[in-house]
Structures are given as structure tokens and as C-alpha cells.
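The primary structure of each chain is shown beneath.
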Amino acid sequence: MYTQDQLKAMVAEAAKDEVLKHMAPGGILGVGTGSTANLFIDAIAPHKSHFAGVVSSSQASTERLKKHGFNVLDSNSVESLPMYVDGADEIDPQGHMLKGGGGALTREKIVAHLAKTFVCICDGSKQVAVMGQFPLPVEVIPMATAQVTRELEKLGGTVTLRKIKGTDQVFVTDNQAWILDVAGLKITNPVELESNINQIPGVVCNGLFARRKANVLLIGEANGVRRQT
Ligand code: 5RP
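This report concerns the structure included in the present document. (Residues numbered from 1 in each chain as written. Predicted model: local features only at pLDDT ≥ 70, side-chain atom pairs only at ≥ 80, totals over all residues.)

What about the site of the ligand?
Move 1: Around the ligand, a shell composed of 18 residues is seen, among which Gly 34, Thr 36, Gly 87, Gly 101 and Gly 102 lie nearest.
Move 2: In the shell around the ligand, the residues fall into 4 nonpolar, 10 polar and 4 charged. (Near = placed C-beta within 6 Å. Nonpolar A, V, L, I, M, F, W, Y, C, P; charged D, E, K, R; others polar.)

Here it is as C-alpha cells:
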């Protein structure tokens, strides 16, 4: 039986093989955020000369990539990316994802949108029948927090302003915005919910990746890594 960390390491390795196989040398790779993405960054580090550069989805990933000596490029300097690799907090049977546990949802969505192929890497515990057990992150402009909270409560969720773990300090995103975590939703129509939440004034972005799903899922399970397209 593998531990969750072992499963994450296995999918990170599988994603390394996936990008080396499908990306021609000299391409620019999109890189996600989180503990699984970190393992992926470490896995590709010995192969950094394969890539002309990388576009990162967070300050945290940028720092890790730079430590490994990657050429980290501004997303404005690229028109498209052949591949983007990132984790997820939940995935439903249709491949809709819920992301943003690490607070990088907006940049992740921007980089994912640039990519031709989105490779999602996660351990099997992230697969759920209906999303919503993991609180849905919604990034907000700070002055709209109370207003957006009221709107999200109308959807039936319990809304909490994200704080830095173990402190009473508000968590501030890389975009200088805040995050509302919405618990208690049963997300049966993620495509519609993603759009509806984005219509609330003051919302920067929400953690549903339903309109732009992953093209390839690499899922770590008891028997090894399962590849699903
Ligand atoms: C960060 C994310 C991550 O992809 C998601 O939280 C999964 O993280 P981990 O690989 O640590 O389980 O969306 O904003």
C-alpha cells in the first residue's frame, strides 16, 4: 500500500515522462502549484535543459523553479504553451476539477488557459462523485468581501475568509486579493456554477476548472499510475 506522498511522487514522475515524451526540446512548459506540483518541479529539474523556459502559476513555484535554475518567463511573453502540469483538490467523474487549496487559482487558470494540453496530477483520494467536500476557493477584491460573502451564502455555502494557517492573519494572494472558502456546496453543475460565481462583482476568479478541464489525468492509485484522457 502506497502512502499519499508516495502516490504524489509517482504521478510527478509519470508527468515528467509525459512532458519529455510529448514536448519537443526547446519548448516552454507551464508549471502549477502545490505539493504534487513541487514534486513534479523536482522531477523535471535534472532535465531543465530540455525546456527553453517555464511559466509559473505562483510566487512559490517560481521560487522553487528558480532555485533549480529554470528560466522563468512572464506569461505575457508567450502566446501559448504546449503543456501545463498541475494538481487538483477534487476531480469529479466528468473530469471537472476544483482547485485553489494553495491559493493560486487565478494564476493557475491563466496558465491553464494558455496551454494546449493540461496534465492534471493527483493521488486517487482527489477523485469524488460530486465536488464540494473540499471548500471551494473564491478569490475576491478585499473591498467586496462582505458583499461576495452574502452572495455565496445564497448558494447555500458556509463562507470563511482564509487566514494564514495557525494565525489570525488574512491570507493574501499573489494578486494582493483575499480568498473566501465556501464549504457545504454540492456541486452538481460545475460549468454553470463556475460562470455564475464569476459574475459576482468583486470576484477575481473561483477554483472550479469545469469549463477548461484537464486533457490528461495522471492518477496515483494502489496499482500504480492510471493515465486517463
Ligand atoms: C493550488 C492548487 C493545487 O493544485 C491543489 O491545491 C492541489 O495541491 P496538492 O498537490 O498539494 O494536493 O490548486 O492552488
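Structure shown, so let's carry the discussion forward.
Things to note about the sheet that holds strand β7 (residues 115-123)
Move 1: If you trace the 7 strands from one edge of the open sheet to the other, you get β3-β2-β1-β4-β7-β13-β14, paired in mixed fashion. Two strands lie at the open edges of the sheet, namely β3 (72-73) and β14 (224-228), each paired on one side alone.
Move 2: Two strands pair when backbone bridges link them, and β7 and strand β13 (residues 216-221) are joined in this way by 5 bridges, in the parallel orientation. When the sheet's bridge partners are listed, Cys 120 is paired in β13 with Leu 217.
Move 3: Strands β1 (27-31), β2 (51-56) and β3 of the sheet are contacted by helix α3 (residues 59-67), whose axis makes an angle of about 155° with β2. (Pairing = 2+ DSSP bridges. Helix = DSSP H or I, 4+ residues; strand = E, 2+ residues; numbered from the N terminus. Contact = placed C-beta atoms within 7 Å. Axes fitted to C-alpha atoms, helices over the stretch in contact; angles between N-to-C directions.)

A word on the packing of helix α1 (residues 4-22) against helix α2 (residues 35-44)
Move 1: At a minimum axis distance of 8 Å, the contact between α1 and α2 shows a crossing angle of 50°. In terms of axis orientation, α1 runs oblique to α2. Crossing handedness for the pair α1 and α2: right-handed. Contact with α1, carried on its side by Lys 8, Ala 9, Val 11, Ala 12, Glu 13, Ala 15, Lys 16 and Val 19, involves Ser 35, Thr 36, Leu 39, Phe 40, Ala 43 and Ile 44 of α2 and no other residues of that element.
Move 2: Of the residues assigned to the contact of α1 with α2, the class counts are 9 nonpolar, 2 polar and 3 charged. (Parallel < 35°, antiparallel > 145°, perpendicular 65-115°, else oblique. Left-handed = near helix turned anticlockwise from the far one by under 90°.)

Let's talk about the pairing of β7
Move 1: For β7, the tally of buried residues reaches 7 of 9 residues, placing the bulk of the element in the interior.
Move 2: For strand β4 (residues 81-86) and β7, the ladder comprises 5 bridges, and the chain directions are parallel. In the sheet register, Val 85 faces β7, and the bridge partner there is Val 119. (Buried ≥ 20, exposed ≤ 12 C-beta atoms within 10 Å, placed from the backbone.)

Points about the packing of α2 against α3
Move 1: Where α2 meets α3, the closest approach of the two axes is 10 Å, and the angle between their N-to-C directions is 20°. Considering the angle they form, α2 stands roughly parallel to α3. The hand of the α2/α3 crossing is right-handed. Contacts from Ala 37, Asn 38 and Ile 41 of α2 reach α3 at Ser 61, Arg 64 and Leu 65.
Move 2: A class-by-class count of the residues in the contact of α2 with α3 yields 3 nonpolar, 2 polar and 1 charged.

Observations regarding the sheet that holds strand β8 (residues 136-140)
Move 1: In spatial order, the strands read β9-β10-β8-β11; together these 4 strands make up an open sheet with antiparallel pairing. A strand with exactly one partner marks an edge of an open sheet, and here the two such strands are β9 (158-161) and β11 (203-206). With direction set aside, neighbouring strand axes in the sheet form an average angle of 25°.
Move 2: The pairing of β9 with strand β10 (residues 178-183) spans 4 bridges and is antiparallel. Along β10, the bridge assignment pairs Thr 158 with Ala 183.
Move 3: Along the sheet, helix α4 (residues 105-114) contacts β8 and β11; its crossing angle with β11, the most-contacted strand, is approximately 70°.

Any functional reading would require information beyond the geometric quantities listed.
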